[in-house]
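Overview (structure and organization)
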Amino acid sequence: MNIEHIVAIADLNARYADAIDANRLEAWPDFFLDDGCYRVTTVENVAQGLPLNIIYATSRAMLRDRVKALREANVYEGQHYRHVLGTPLITLVEAAGLRARTSFMVARVMRTGDTMLFATGCYEDHIVVDTPDGARFVEKTVVLDSRQIDTLLAIPL
Amino acid sequence: MNVHTAMRQWPAEGLTRVPYWVYSDRALYDEEQERIFRGDTWTFLCMEAELPTPNSFRASNLGDMPVVVTRDADGVIHAFENRCAHRGSLLCLKERGEVREIVCVYHNWTYDLTGKLTGVAFRRGIAGKGGMPSDCKPEEHAPRQLRIAVFAGLVFGTLSHDTPPLDAYLGPDHVARIRRVMRAPARLIGGYSQIIPSNWKLYIENVKDSYHASLLHMFFTTFRLNRLSQKGGLVVSDAGGNHISYSMTQDVAGKEYEQAGLRSANDGYALEAPDMLLKNVDEFGDGIGLQILTVFPGFVLQQIRNCLAVRRVVPRGLEKTELVWTCFGFTTDDDVLAELRLRQANLIGPAGFISMEDGAAAGFVQRGVAGASDALSLVEMGGSGTASEESRVSEAAVRGFWKDYRRHMGF
């Protein structure tokens, strides 16, 4: 185990979550490589070996498109998230990067003041630490513990 | 008509008005369970592909009532109430799996996969003491059996002997349009569920409301996936409760949106990577890019380009509904088509570019009508009838739903 690896992953996820929670969604795609992959799926789909995702993007351009749609096209009630992240568990260290699992809980706060535990799960991350811009996600798979989503999932997790 | 419905009067205007008490009356909710979900209707339970092998099961629902759907050792599909004959405990505690028999965890009563009670633990007691009297017949308390009909890989169930045969219940248009989509053996690609903060009927109305599609879902219109100016149509069954809305992939021009000055007509709006999301193939060979089909009370079959799904609308209380999505392709899919389905799945579900608003919209109505139970909603787009028509700027399918609903409920 290398403490620097843990710090690098924790720092990347902390910045990532902070951008989402602070509604800086335009910064969200930049945590990924150009051909980075982002998926949101459920434990149930993973356990059954089923490939369906709730969100699926295979490039930074697709992530920017999602932000654009959220800003300009999609209609949803005012809301924001609060992420609470666990300590990264490094599962693999290789030349191509690090793989790590980080637990998360996300509270959703509606414009009415209603606050709920919206999602729990883990990030299955594949990270490169040494790009010119610092650490970036090659792949981020959000595995939700529950198959149920309340009302809608607009803002990314 | 029982005591409760007798107290309620449907507005004199008929199908063009819906009283808001239908979404907030607890006694009415309970009566719907009995007269609709446990009455003379077919409820979609699961896809046949969800029971892939002999001795497999899938948990499902008939309205509020939990049911288990099974495929027995001989491959025959059954469904029965998920309730032990003894004390009423759930029999099946998993969503899906494989078993040779079903054992109630509470007191170990056992059932075969047809739902027949096969064993009562310590029935004769131990060492001549305890046990059940010899004249007690627990078999007579067995969970209720459903009638099953399997059509085009879809499993439907009903508790009533009076429900018409499934093909008659669906009608010839729906039989043809379901067959059209289910063109080969289905292969599951996954699922999830969405909690809708409203009465179940508000979600079903939303699905049948072809008028809202390009007005609420601006992603849809901006990319010309389904402008109402696209050629298509609306089919409503004779009884009213089943509908089909469809449109061709090609836009046949029309400047209605621009002329109306609607915010969705923003032609300058462009995605960076639209092909990654929207690229599709005409796998059905008929140019139809979108077909939404419902069967009363709570079944939806969806084809949005190559994104195929079934949705089960499960009431979870007066103001809570679970929408269970199951996405599928076919065993004949090549890798390219399989990947297209996954990419286009970005359009649907709780995070779907063209469906994320639906659950919220149903909730907005539920919240909006609090305190207005005697007020009426207006359902007059396209007139007052329920006939099939070319225009989808119509609420004919919504009126059709209420026509069938009132027939079942005795209003």
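Please read all numbers here as calculations on a predicted model, not as lab measurements. (Residues numbered from 1 in each chain as written. Chains lettered and ligands numbered in written order. Predicted model: local features only at pLDDT ≥ 70, side-chain atom pairs only at ≥ 80, totals over all residues. Heavy atoms only, no water.)

**With respect to the interface of chain A and chain B**
The interface of chain A with chain B comprises 35 residues on the first partner and 39 residues on the second. Overall, the association of chain A and chain B removes approximately 3500 Å² of surface from exposure, summing both partners, and the carbon and sulfur fraction of that is 54%. It is L52(A), Y56(A) and T151(A) that lose the most area in chain A upon contact with chain B, and together they represent 19% of the buried surface on that side. Applying the counting criterion to the chain A and chain B interface returns four salt bridges. For E77(A), the salt bridge is made with R367(B), and the minimal N-O distance between the two is 2.7 Å. At the boundary of chain A with chain B, the tally comes to 24 residue pairs in polar contact (both at pLDDT 80 or more). Only α2 (43-47), β2 (55-57), α3 (60-72) and β8 (148-150) of chain A provide two or more residues apiece to the side of chain A that touches chain B. (Contact = heavy atoms within 4.5 Å. Buried area = accessible area lost by both parts, 1.4 Å probe. Salt bridge = Lys/Arg side-chain N within 4 Å of Asp/Glu carboxyl O. Polar contact = N/O pair within 3.5 Å; in protein donor to acceptor, adjacent residues only side chain to side chain. Helix = DSSP H or I, 4+ residues; strand = E, 2+ residues; numbered from the N terminus.)

**Description of the packing of helix α5 (residues 200-208) of chain B against helix α12 (residues 396-409) of chain B**
Residues and elements named next belong to chain B. Relative to each other, α5 and α12 sit at 140°, their axes nearing to 8 Å. As summarised for this structure, α5 and α12 are arranged oblique, according to the angle between their axes. Of the residues in α12, those touching α5 at W200, K201, I204, E205 and K208 are A397, V398, F401, W402 and Y405. A per-class count over the contact of α5 with α12 returns seven nonpolar, no polar and three charged. (Axes fitted to C-alpha atoms, helices over the stretch in contact; angles between N-to-C directions. Parallel < 35°, antiparallel > 145°, perpendicular 65-115°, else oblique. Nonpolar A, V, L, I, M, F, W, Y, C, P; charged D, E, K, R; others polar.)

**Comments concerning the sheet that holds strand β5 (residues 77-81) of chain B**
Residue and element names in this part refer to chain B. The four strands lie next to each other as β5-β4-β3-β6, forming an open sheet whose pairing is antiparallel. Either end of the sheet is taken by a strand with one partner, and the two such strands are β5 and β6 (96-98). On average, each strand axis in the sheet is tilted by 25° relative to the strand beside it, whichever way the strands run. As defined by bridge partners, strand β3 (residues 56-62) adjoins strand β4 (residues 65-71) across seven bridges and the pair is classed as antiparallel. Within β4, the position partnered with L62 by the bridge is M65. (Pairing = 2+ DSSP bridges.)

**Some remarks on a nonpolar patch on the surface**
Residue and element names in this part refer to chain B. A cluster of nonpolar residues, L90, L93, V105 and Y106, forms a patch on the protein surface that exposes about 430 Å² of accessible area. Inspection of the secondary structure puts Y106 in the loop between β7 (102-103) and β8 (110-111). Under the relative-accessibility criterion, Y106 is labelled exposed at 52%. (Patch = residues over 30% accessible without salt bridge, like charges linked within 9 Å, V, L, I, M, F, W, Y side chains within 5 Å. Areas by Shrake-Rupley, 256 points an atom, 1.4 Å probe, with all protein chains shown as cover. Buried < 20%, exposed > 50% of the residue type's maximum accessible area, 1.4 Å probe, protein only.)

**Comments concerning unusual backbone geometry**
Residues and elements named next belong to chain B. The omega torsion across F296 and P297 is 5°, close enough to zero to call that bond cis. With respect to the helices, strands and loops of the structure, P297 is situated in the loop between β15 (288-295) and β16 (299-304). Of note in the backbone geometry, N55 takes a positive phi value of approximately 65° without being a glycine. Here N55 is to be found in the loop between β2 (43-47) and β3. Here R305, not a glycine, exhibits a phi torsion of approximately 55°, which is positive. Inspection of the secondary structure assignment puts R305 in the loop between β16 and β17 (307-315).

**With respect to the state of the cysteines**
Residues and elements named next belong to chain B. In total, this model carries zero disulfides over all chains according to the counting rule given. Cysteine C136 is unpaired, with the sulfur of C84 as its nearest cysteine sulfur at 12 Å. Taking the relative accessible area as the measure of exposure, C136 reaches 29% and is therefore partly exposed. Summary of cysteine pairing: C307 is not part of a disulfide, and the nearest cysteine sulfur, belonging to C327, is at 5.3 Å. Here C307 falls in the buried class, since its relative accessible area comes to 2%. (Disulfide = S-S within 2.5 Å.)

**Some words on the packing of aromatic side chains**
Applying the stated criterion across every chain, the model contains 28 aromatic pairs over all chains. Aromatic side chains Y16(A) and Y123(A) sit 5.9 Å apart centroid to centroid with 80° between the ring planes, which places their arrangement in the edge-to-face category. Taken together, the positions of Y16(A) in helix α1 (residues 3-21) and Y123(A) in strand β6 (residues 115-131) put the pair 107 residues apart, joining distant regions of the chain. Given a relative accessible area of 0%, Y16(A) falls into the buried group. Arranged with centres 6.3 Å apart and planes meeting at 75°, the rings of Y23(B) and W402(B) form a pair that is edge-to-face. Within this pair, whereas Y23(B) is found in the loop between β1 (17-19) and α2 (26-37), its partner W402(B) is found in helix α12, the two being separated by 379 residues in sequence. (Phe/Tyr/Trp six-rings, centres within 6.5 Å; stacked < 30°, edge-to-face > 60°.)

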